[in-house]
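Spelled out from the first residue to the last, the chains are:
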Amino acid sequence: MRVLVTGGAGFIGSNVVKILEAKGAKVIVLDNFSHGSYKNLMDVKAEVICEDILSEDIFKKLPKIDGIIHEAAITDTTLIDNTKMMTVNYNGSKNILNFALKKKIPFTYASSAGVYGESNPPMREDKGLIPHNTYAYSKYIFDCHVQSLWAKKGTPSIVGLRYFNVYGPREYHKGLAASMIYQLFLQMKSGKRPRVFKYGEQKRDFIYVKDVANITVKALFSRKKAILNVGTGIPRSFNDIIAGLNKVLKKNLTPAYFNNPYADKYQNFTQADTKLLKKTLNTKAKYTLEKGISDYLQKHLL
Ligand SMILES: NC(=O)c1ccc[n+]([C@@H]2O[C@H](COP(=O)([O-])OP(=O)(O)OC[C@H]3O[C@@H](n4cnc5c(N)ncnc54)[C@H](O)[C@@H]3O)[C@@H](O)[C@H]2O)c1
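This report concerns the structure included in the present document. As the structure is a computational prediction, the values presented were derived from the model and not from experiment.

1. Thoughts on a positive patch on the surface
And step 1. On the surface, Lys23, Lys218, Lys278, Lys284 and Lys286 cluster together into a patch of positive charge.
And step 2. Examined against the element boundaries, lysine 284 turns out to sit in the loop between helix 8 (275-281) and helix 9 (289-301).

What follows is the structure, given as structure tokens:
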């Protein structure tokens, strides 16, 4: 089994590569290294193709492949070049999808909980789609494109995964776009009080990347056509993260609260409705926030 992973030098992509290789798959990473890091590929065997997902030439360089996991995207939601955001995330995704359609091979791709904006939780796949920025719109419009193909005869398995807030090993290269868990860890490890927006009770559905990678690989082999939420279904607060970090770091640092400058466009509460995920893939997240933080710190950061 040979699998192409786009964005394989990135956070989630490189975790996916690890799981695929552990299952005996041969992996080809396609990444232009615009944002990921070579360091994420130092402990995998994958063949690496440094190319853009917009390129037509990549398909000439590929050997026969049995499936595609498409993770490559511009992931900095604050990028103000809307043309670039749409070109890479929408046109680039279509370029890779078209190859999967032509070869009739399964295609699993990263969508985002961003498509729900501030709609009412728990967020369910078929309602409340109110993207609040161009990044979220690029994910939303690709989901719509995929759905328009399902009814066509001969369409291979396509699974879109709306990841919620992912955290875990191999995210350090993301800088300020890395998870809250990583940002707060850095502050607290250096002995500083953790800085969070007033009053730390904003809740998010945080999911550990090891769960995300396992679910993603399962989706590729599922032969389904679906768009699924990938979250724990349990929203947790920023204060909960601080408590979890304090416990593993054996510290007792209290939060330093400050005003949220993005209050008007901030997702204050996210929660995945995970029923469709369970029904379609017969799976769910296995790490609670506390277990995820403990695994992340003990095995990867400390
Ligand atoms: N991390 C999260 O919490 C989260 C949440 C929702 C959705 N997602 C989605 O999951 C996917 C993976 O995100 P991530 O957190 O691993 O991000 P990341 O930025 O670490 O990884 C993205 C990878 O794509 C590569 N890339 C970017 N543009 C490219 C192009 N034009 N051609 C080839 N490669 C290109 C980058 O170099 C990088 O290695 C993305 O599609 C993202 O939108 C992530």
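Picking up where we left off.
2. Topic: the environment of leucine 249
And step 1. Tracing the backbone shows leucine 249 in helix 7 (residues 238-249).
And step 2. Leucine 249 sits 71 residues away from alanine 178 along the chain, and the two C-alpha atoms are 20 Å apart.
And step 3. Apart from residues no more than four positions distant in its own chain, leucine 249 is found in contact with Phe185, Met188, Lys189, Leu297 and Leu302.

3. With respect to the sheet that holds strand 11 (residues 225-230)
And step 1. Strand order in this open sheet of 7 strands is 3-2-1-4-5-6-11, and the pairing throughout is parallel. Strands with a single pairing partner mark the edges of an open sheet, and in this sheet they are strand 3 (47-50) and strand 11. Averaged over all pairs of adjacent strands, the angle between strand axes in this sheet comes to 20°, irrespective of strand direction.
And step 2. Pairing of strand 2 (residues 26-31) with strand 3, which is carried by 4 bridges, proceeds in the parallel orientation. When the sheet's bridge partners are listed, aspartate 31 is paired in strand 3 with cysteine 50.
And step 3. Lying on the sheet, helix 1 (residues 11-22) is in contact with strand 1 (2-6), strand 2, strand 4 (67-70) and strand 6 (158-163); it crosses strand 1 at an angle near 170°.

4. Description of the site of the ligand
And step 1. Residues in contact with the ligand amount to 29 residues; listed here are only the nearest, Ile12, Asp31, Tyr135, His173 and Lys174.
And step 2. Measuring from an oxygen atom of the ligand, one finds a side-chain N or O atom of aspartate 31 at 2.6 Å.
And step 3. Listing elements by their share of the shell around the ligand, those giving two or more residues are helix 1, strand 5 (107-112) and helix 4 (134-150).
And step 4. Top element by residues in the shell around the ligand is strand 5. It accounts for 3 residues.

5. Structural notes on the packing of aromatic side chains
And step 1. Applying the stated criterion across every chain yields a total of 14 aromatic pairs.
And step 2. Ring geometry for phenylalanine 59 and phenylalanine 99: centres 4.3 Å apart, planes at 15°, overall stacked. Taken together, the residues phenylalanine 59 in helix 2 (residues 58-61) and phenylalanine 99 in helix 3 (residues 82-103) connect sequence positions 40 residues apart. Like phenylalanine 59, the residue phenylalanine 99 is buried in the burial classification.
And step 3. Here the aromatic rings of phenylalanine 206 and phenylalanine 238 are separated by 6.4 Å at their centres, their planes lie at 50°, and the arrangement is tilted. Linking phenylalanine 206 in strand 10 (residues 206-208) with phenylalanine 238 in helix 7, this pair joins segments that are 32 residues apart in sequence.
And step 4. Residue classification places phenylalanine 238 among the buried residues on the basis of a relative accessible area of 0%.
And step 5. An aromatic cluster is present here, built from Tyr167, Tyr208, Tyr287 and Tyr296 joined pairwise through their rings.

6. Here's the deal with helix 1
And step 1. Between its first and last C-alpha, helix 1 extends 17 Å over 12 residues, near the 16 Å set by a 1.5 Å rise per residue.
And step 2. Where burial is concerned, most of helix 1 is hidden: 10 out of the 12 residues are buried.
And step 3. Considered for burial, the residues of helix 1 that qualify are Phe11, Ile12, Gly13, Ser14, Asn15, Val16, Val17, Ile19, Leu20 and Glu21.
And step 4. Check the buried side of helix 1 and you find it contacts strand 1, strand 2, strand 4, strand 6, strand 7 (165-167) and helix 6 (209-220).
And step 5. Positive phi shows up at glycine 24, right after helix 1, with a value of about 90°.

So, how was this worked out
- Residues numbered from 1 in each chain as written.
- Predicted model: local features only at pLDDT ≥ 70, side-chain atom pairs only at ≥ 80, totals over all residues.
- Heavy atoms only, no water.
- Patch = residues over 30% accessible without salt bridge, like charges linked within 9 Å, V, L, I, M, F, W, Y side chains within 5 Å.
- Areas by Shrake-Rupley, 256 points an atom, 1.4 Å probe, with all protein chains shown as cover.
- Salt bridge = Lys/Arg side-chain N within 4 Å of Asp/Glu carboxyl O.
- Lys, Arg positive; Asp, Glu negative; His and termini not counted.
- Charge placed at Lys NZ, Arg CZ, Asp CG, Glu CD.
- Helix = DSSP H or I, 4+ residues; strand = E, 2+ residues; numbered from the N terminus.
- Contact = heavy atoms within 4.5 Å.
- Pairing = 2+ DSSP bridges.
- Axes fitted to C-alpha atoms, helices over the stretch in contact; angles between N-to-C directions.
- Near = heavy atom within 4 Å.
- Polar contact = N/O pair within 3.5 Å; in protein donor to acceptor, adjacent residues only side chain to side chain.
- Phe/Tyr/Trp six-rings, centres within 6.5 Å; stacked < 30°, edge-to-face > 60°.
- Buried < 20%, exposed > 50% of the residue type's maximum accessible area, 1.4 Å probe, protein only.
- Expected span 1.5 Å × (residues − 1).

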